[in-house]
Amino acid sequence: MQDYLEANKGRFLEELLELLRIPSVSADSKFKGDVRQAAEYVRESLAKAGADVAELHETAGHPIVYGEKIVDPSKPTVLIYGHYDVQPADPLELWTSPPFEPVIKDEKIYARGSADDKGQFFMHVKAFEAMMATDSLPCNVKFMIEGEEEVGSNNLGTFVSQNREKLKADVILISDTAMISNDTPSIDTGLRGLSYVEVEVTGPNRDLHSGVYGGAVANPINTLAKMIASLHDENGHITIPNFYDDVVELSAEEREMLESAPFNLEEYKADLAIDDVQGEAGFTTRERASIRPTLDCNGIWGGYIGEGAKTVLPSKAYAKISMRLVPNQDWNKITDLFAAHFQSIAPKSVKVTVTPHHGGQPYLTPLESAAYKAAEAALTESFGKKPVPTRGGGSIPIVALFEKELGLKTVLMGFGLDSDSIHSPNEHYGLFNFYKGIETIPLFFKHFTALS
């Protein structure tokens with residue numbers, strides 16, 4: 001196995017770079033053809049790697065790639081999930097190199113989607129190829145690689161519910177998360193949920209001259225800014241009534257275990273070029289970013305934003321707001337609470353519309369399961385040290401859906417780093433991480449088969 005990986009690592013990288021050159025931005029309809037091209041590339045890659053089935057399944061949106069190799073129906077089956085769609089690359093001017101022209105610099109691959117999630121799911125394709133080429137695939141494997149994760153996976157639920165038999169497996173394995181560092185492997189034992197909404201504040205029936213009407217008519221931008229600011233108090237607590245009702249508080253022992261992982265606050269601040277951190281009072285930086293719920297404005301706009309000046313009092317203002325949720329918060333309930341509260345704090349001088357976009361439930365992985373123990377053993381063998389269990393701050397909404405529809409638990413064995421700038425300009429993924437993932441994944445298969 002190791003000889004095969006070493007002999008083919010250059011080709012593995014070139015194939016990933018080819019995939020990264022495809023601008024598969026699911027959020028923008030002008031890239032629809034590119035998204036399909038990426039799906040086809042993934043399907044062809046699975047077929048070449050040795051899958052007996054490698055096909056596209058059409059949805060109301062972008063296609064889902066499905067592949068499988070059944071070596072023995074009596075043996076366990078691992079279902080690999082990933083996504084080939086990527087975030088928009090904006091703002092383009094902040095990239096040091098074009099986002100869809102991959103550049104290798106300082107042993108890192110700079111490109112949109114390099115870490116989230118093309119580089120990570122492609123490790124599984126190449127690990128599968130290596131196991132097939134060396135006749136060492138110990139159990140069955142299935143692949144489900146979608147093209148709408150970055151826009152809420154709106155059509156994946158329908159596909160899953162209609163294909164329960166096809167997707168029958170013993171565990172789901174996902175690499176779409178991060179480790180503590182290249183020296184300290186870790187496994188995410190949980191994910192936060194998500195509620196994502198867009199708000200619209202409307203004042204007058206048209207844009208107005210700010211000299212003629214300013215001071216007499218509500219400015220929707222000013223009003224929206226005050227409303228958003230009021231959603232947190234001076235201690236960083238979210239002010240929506242009943243927002244924290246269902247939050248599961250960790251015990252002192254659980255918090256101590258999470259804090260035992262290596263973390264340097266000064267390095268954290270230096271990496272982000274900030275002088276200080278902030279957040280909910282009574283919790284550490286890592287706790288704020290993992291085990292506590294949050295509310296953030298992800299975008300805000302309105303009025304004139306072109307070059308030069310235009311003294312306009314705008315008719316409308318908009319914002320996109322996301323809330324990260326923790327066990328046992330329900331994203332539908334939180335969305336309703338937000339909408340009701342945001343409407344209630346609006347002054348009579350404006351009208352407010354809240355439009356839910358998408359969301360997902362929080363998730364926890366059982367540490368006593370065979371799958372978690374297999375991941376722990378694989379990383380220990382690969383890195384030479386036992387991985388640290390951590391809580392992820394991000395969301396993969398479909399993980400809870402998989403458990404509901406398929407009755408399967410998920411193991412989150414990611415190889416990225418928090419510093420990979422996912423969703424930001426200059427996203428990158430380390431060559432070490434890419435190759436280490438390909439090396440480790442077959443070990444998971446070995447240990448999971450032995451433990452099942």
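Notes on the structure follow. Quick caveat: nothing in here was measured; it's all calculated off a predicted structure. (Residues numbered from 1 in each chain as written. Predicted model: local features only at pLDDT ≥ 70, side-chain atom pairs only at ≥ 80, totals over all residues. Heavy atoms only, no water.)

## Some details on the nonpolar core
Core analysis: the largest hydrophobic core is formed by 61 residues, its most contacted members being Val78, Tyr84, Met413, Phe444 and Phe445. Sequence-distant contacts of phenylalanine 444, defined by excluding residues within four places in its chain, comprise Val78, Val171, Leu173, Ala371, Ala374, Ala375, Ala378 and Met413. Core analysis: the next-biggest nonpolar cluster, separate from the first, contains 24 residues, Ile228, Met323, Leu325 and Phe338 among them. (Core = buried A, V, L, I, M, F, W, Y, C linked by side-chain atoms within 4.5 Å. Buried < 20%, exposed > 50% of the residue type's maximum accessible area, 1.4 Å probe, protein only. Contact = heavy atoms within 4.5 Å.)

## A look at the environment of threonine 184
Here threonine 184 lies in the loop between strand E8 (178-179) and strand E9 (186-188). When sequence neighbours within four positions are dropped, the list of residues in contact with threonine 184 reads Met179, Pro262, Lys385 and Val388. (Helix = DSSP H or I, 4+ residues; strand = E, 2+ residues; numbered from the N terminus.)

## Describing the pattern of salt bridges
Inspection of every chain in the model, using the stated rule, returns 22 salt bridges. For lysine 69, the salt bridge is made with aspartate 52, and the minimal N-O distance between the two is 3.1 Å. Of this pair, lysine 69 sits in strand E2 (residues 64-69) while aspartate 52 sits in the loop between helix H2 (32-49) and strand E1 (53-57), and the two are 17 residues apart along the sequence. With a relative accessible area of 54%, aspartate 52 lands in the exposed category. With a closest N to O distance of 2.6 Å, glutamate 129 and lysine 126 form a salt bridge. With glutamate 129 and lysine 126 both in helix H3 (residues 118-133), this residue pair falls 3 residues apart, about one helical turn. Assigned by exposure class, glutamate 129 and lysine 126 land together as buried. One network of salt bridges, with partners in common, ties together Arg11, Glu15, Lys126 and Glu129. (Salt bridge = Lys/Arg side-chain N within 4 Å of Asp/Glu carboxyl O.)

## A closer look at the sheet that holds strand E5 (residues 108-110)
Here we have 3 strands laid out as an open sheet, ordered E4-E5-E21, and antiparallel in their pairing. Edge positions in the open sheet fall to strand E4 (103-105) and strand E21 (428-430), since each of these has one partner strand only. Neighbouring strand axes in the sheet, compared pairwise and without regard to direction, differ in orientation by 25° on average. Of the strands in this sheet, E4, E5 and E21 are in contact with helix H13 (residues 431-451), which crosses E21 at around 60°. (Pairing = 2+ DSSP bridges. Axes fitted to C-alpha atoms, helices over the stretch in contact; angles between N-to-C directions.)

## A few points about the packing of aromatic side chains
Under the defined criterion, the tally for this structure stands at 12 aromatic pairs. Here the aromatic rings of phenylalanine 243 and tyrosine 244 are separated by 5.3 Å at their centres, their planes lie at 75°, and the arrangement is edge-to-face. Measuring from ring centre to ring centre gives 5.3 Å for tryptophan 301 and tyrosine 318, while their planes differ by 10°; the resulting arrangement is stacked. Taken together, the positions of tryptophan 301 in strand E13 (residues 294-302) and tyrosine 318 in strand E15 (residues 316-325) put the pair 17 residues apart, joining distant regions of the chain. Residue class for tryptophan 301 comes out partly exposed when judged on its relative accessible area of 34%. The rings of Phe444, Phe445 and Phe448 are connected pair by pair, giving a single aromatic cluster. Looking at lysine 9, its charged tip hangs above the ring of tyrosine 435, at a distance of 4.6 Å from the centre. The ring of tyrosine 110 has lysine 105 lying over it, and the distance from NZ or CZ to the ring centre is 4.9 Å. (Phe/Tyr/Trp six-rings, centres within 6.5 Å; stacked < 30°, edge-to-face > 60°. Lys NZ or Arg CZ within 6 Å of the ring centre and 35° of its normal.)

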